[in-house]
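Topology and contacts: notes
Listed below, chain by chain, are the residues.
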Amino acid sequence: MRDMPALLDIDLCEAARRIRVGEVSSEALTRLALARARAVQPQVNCFIAIDEQQALEDARVADRAVACGKAPGALHGVPLAHKDMFYRAGRITTGGSKLLADYRPTITATVAQRLQDAGAIWLGALHMAEFAANPIGQNASYGDCRNAWDRTRISGGSSSGSAVAVALRACYGSLGSDTGGSIRMPAALNGVVGLRPTYGRVSRYGILPRTWSMDTVGPLARTARDCARLLGVIAGADPQDATASSLPVPDYEEQLTGSIEGLRIAVPVNYFYDETTPEVRQGLERSLGVLAGLGARVVEVSVPDPARLYQLGNLISQVEAAAIHADLVQRAGDEYPLVLKTRMQSGAYVPAVDYLGALSARARLAREFATAVFACADVLHVPVISMAAPTLEEVSPVASSEVFPLLARTARCTRPFSTLGMPALSVPAGFTPQALPIAFQLVGRPFSEGLLLRVADAYQRATDWHTRAPIIPTI
């Protein structure tokens, strides 16, 4: 029994295999995950709510199904936890805000239903930036979620709890959402894999919205293969969501061949490295060396102005968020957080002609970007974030006027791809001398998630960064 906690170090796919063949029970893994969650919660604040009783009941049901020889789903019996924005009928969903502390939706998110159908265990609701509106991860309602590797530093946001809980082995995987980088940034800052799929690859029915035209649901886990498993479960058409693509969902795991021989990896000569710290740059260069050693060919490219893409995405996000939150801002009055209100109000004053112009420009800009990059390469390799995790004190704005520069600095490498709707993947790539995680970002053509995961999987077969864990309390 003393070796039981080591089962938390196995990855999601291995946990699913062991449950399926009867080597370990879902209840045993669920108890371990719950114990780990309770142990780390006082230190990092990565959960909003832990649903212990329901999780254990569901785990016992999963074990009985295995004992009866019923064919388990792809995630059968595996303990997961998710960002607190995925609706389940009758269950409280806060969106990270005490303004919604008693909100019980009447519908269930499509992704939540697909996870349940695949047999996953739902441990509880994970912390998030309030209303998914902060890439730093701070939260005035429920307190700040803290970095898994250094409790004085930011977790990144808005899927803060998802990245921290996965890194600390309190769950085997998680779903987050990404509008401007909210999966990729916390994944990078906490040393886990995070995938923003192509816009429309995953249904958004039944999730708390941030912006209609940029919100994307995706997985966070320890390995590329784990993310492939999760994406395969949640992706696909949905009659409840007209924006969900009807393209067939491939077998993402089958695409993880381990080979990237001859693959062309583009590295930009403009914009993305302009503000990158030396240790992050060195980490990215080392990762390129590994990929080249596996047979990939690294090519330099000049990319169409990402700063314009950032600005367009920011404008769209501000306007749509202002529209979504207008009623709540009015009803809540002074209770609505000041920092968030500042951003909402700015969106309310953008002329309609500017908003519509930004929307109409996206398809053309996406074609231009794809032509410039993917005519000479298969994937693009860039930073996720230009620095390792700063301290909470370093990123705490003294005045509301400081908010926008902080946000721009944090999301400058992720938001351009959100604007374009392209898939992007954050992959752990080492540590700074202060033992803080570094990551690189892979970007591809629309619906090329399988290729991005294949590159990441090949990299993880050749490195062990993804196996490193923070210091974790004994359970």
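What you see is a predicted model, and the numbers here were worked out from it, not measured in a lab.

On to the pattern of salt bridges, then. On inspection of all chains with the given rule, the structure shows 18 salt bridges. Between R196 and D178 there is a salt bridge; the shortest N-O distance is 3.3 Å. Pair noted here: R196 is in strand β5 (residues 193–196) and D178 is in strand β4 (residues 173–178), with a separation of 18 residues, a long-range link. Overall, D178 belongs to the buried group, its relative accessible area being 0%. Two residues, R229 and E253, come together in a salt bridge whose shortest N-O distance is 2.5 Å.

Pairing between the strands of a sheet comes from backbone hydrogen bonds, and it takes one of two forms, parallel or antiparallel. Pairing is mixed in the open sheet, where 8 strands are placed in the order β4-β6-β5-β10-β11-β9-β7-β8. Both outer strands of the open sheet, β4 and β8 (297–301), are each paired with one neighbouring strand and no more. Averaged over all pairs of adjacent strands, the angle between strand axes in this sheet comes to 30°, irrespective of strand direction. With 6 bridges connecting them, β4 and strand β6 (residues 216–221) associate as antiparallel partners. When the bridges of β6 are listed, L175 appears paired with P219. Across the sheet, helix α8 (residues 278–293) lies against β7 (264–268), β8, β9 (379–383), β10 (424–431) and β11 (437–443), angled at about 55° from β11, the strand it touches most. Against the sheet, helix α14 (residues 449–462) makes contact with β5, β9, β10 and β11, and its axis sits at roughly 15° relative to β10, the strand it touches most.

This part is about the state of the cysteines. Counted according to the given criterion, the structure contains 0 disulfides. In this structure C413 is not part of a disulfide, and its nearest cysteine sulfur, from C376, lies 19 Å away.

The subject of this paragraph is empty space enclosed by the protein. A complete count under the given rule lists 3 cavities of 30 Å³ or more for this structure. Each pocket or cavity is described by its volume, and for the largest cavity that value is around 150 Å³. Taken together, 18 residues form the lining of the largest cavity, with P135, G180, S182, R343 and R415 sitting closest to its centre. Listing elements by their share of the lining of the largest cavity, those giving two or more residues are α9 (306–332) and α12 (403–411). When residues in the lining of the largest cavity are grouped by element, the largest group, 3 residues, is from α9. A breakdown of the residues in the lining of the largest cavity according to their chemical character gives 7 nonpolar, 8 polar and 3 charged. By volume, the second largest cavity amounts to about 40 Å³. Every residue along the wall of the second largest cavity is listed here: A188, L189, V280, I385, M387, A388, P437, I438 and A439. When contributions to the lining of the second largest cavity are tallied by element, the ones reaching two or more residues are α6 (184–190) and β11. Class assignment for the residues of the lining of the second largest cavity results in 9 nonpolar, no polar and no charged.

The element helix α7 (residues 224–234) is extensively covered by neighbouring structure, given that 9 of its 11 residues are classed as buried. By the burial criterion, the buried members of α7 are A224, D226, C227, A228, R229, L230, L231, V233 and I234.

The topology assignment puts N45 in the loop between α2 (26–44) and β1 (47–50). Engagement of the side chain of N45 in a polar contact is seen with the backbone oxygen of D144, the distance being 3.3 Å. Those residues in contact with N45 that sit more than four places away from it in its chain are V40, H127, Y142, G143, D144 and C145.

Inspection of every chain in the model, using the stated rule, returns 8 aromatic pairs. Measuring from ring centre to ring centre gives 5.6 Å for F131 and Y336, while their planes differ by 10°; the resulting arrangement is stacked. Note that F131 is positioned in the loop between β3 (121–126) and α5 (160–167) and Y336 in the loop between α9 and α10 (338–348), a separation of 205 residues in sequence. Through pairs of rings, three or more aromatic residues link up here, namely Y271, F272, F369 and F417. Across from the ring centre of Y142, 5.6 Å away, lies the NZ or CZ of K98, which sits over that ring.

Calculation criteria
Residues numbered from 1 in each chain as written. Predicted model: local features only at pLDDT ≥ 70, side-chain atom pairs only at ≥ 80, totals over all residues. Heavy atoms only, no water. Salt bridge = Lys/Arg side-chain N within 4 Å of Asp/Glu carboxyl O. Helix = DSSP H or I, 4+ residues; strand = E, 2+ residues; numbered from the N terminus. Buried < 20%, exposed > 50% of the residue type's maximum accessible area, 1.4 Å probe, protein only. Pairing = 2+ DSSP bridges. Axes fitted to C-alpha atoms, helices over the stretch in contact; angles between N-to-C directions. Contact = heavy atoms within 4.5 Å. Disulfide = S-S within 2.5 Å. 1 Å grid on protein atoms, 1.4 Å probe; cavity = no way out; pocket = protein on both sides within 12 Å on 5 of 7 lines; lining within 4 Å. Points joined across faces, edges and corners; volume = space filled by probe spheres on them. Nonpolar A, V, L, I, M, F, W, Y, C, P; charged D, E, K, R; others polar. Polar contact = N/O pair within 3.5 Å; in protein donor to acceptor, adjacent residues only side chain to side chain. Phe/Tyr/Trp six-rings, centres within 6.5 Å; stacked < 30°, edge-to-face > 60°. Lys NZ or Arg CZ within 6 Å of the ring centre and 35° of its normal.

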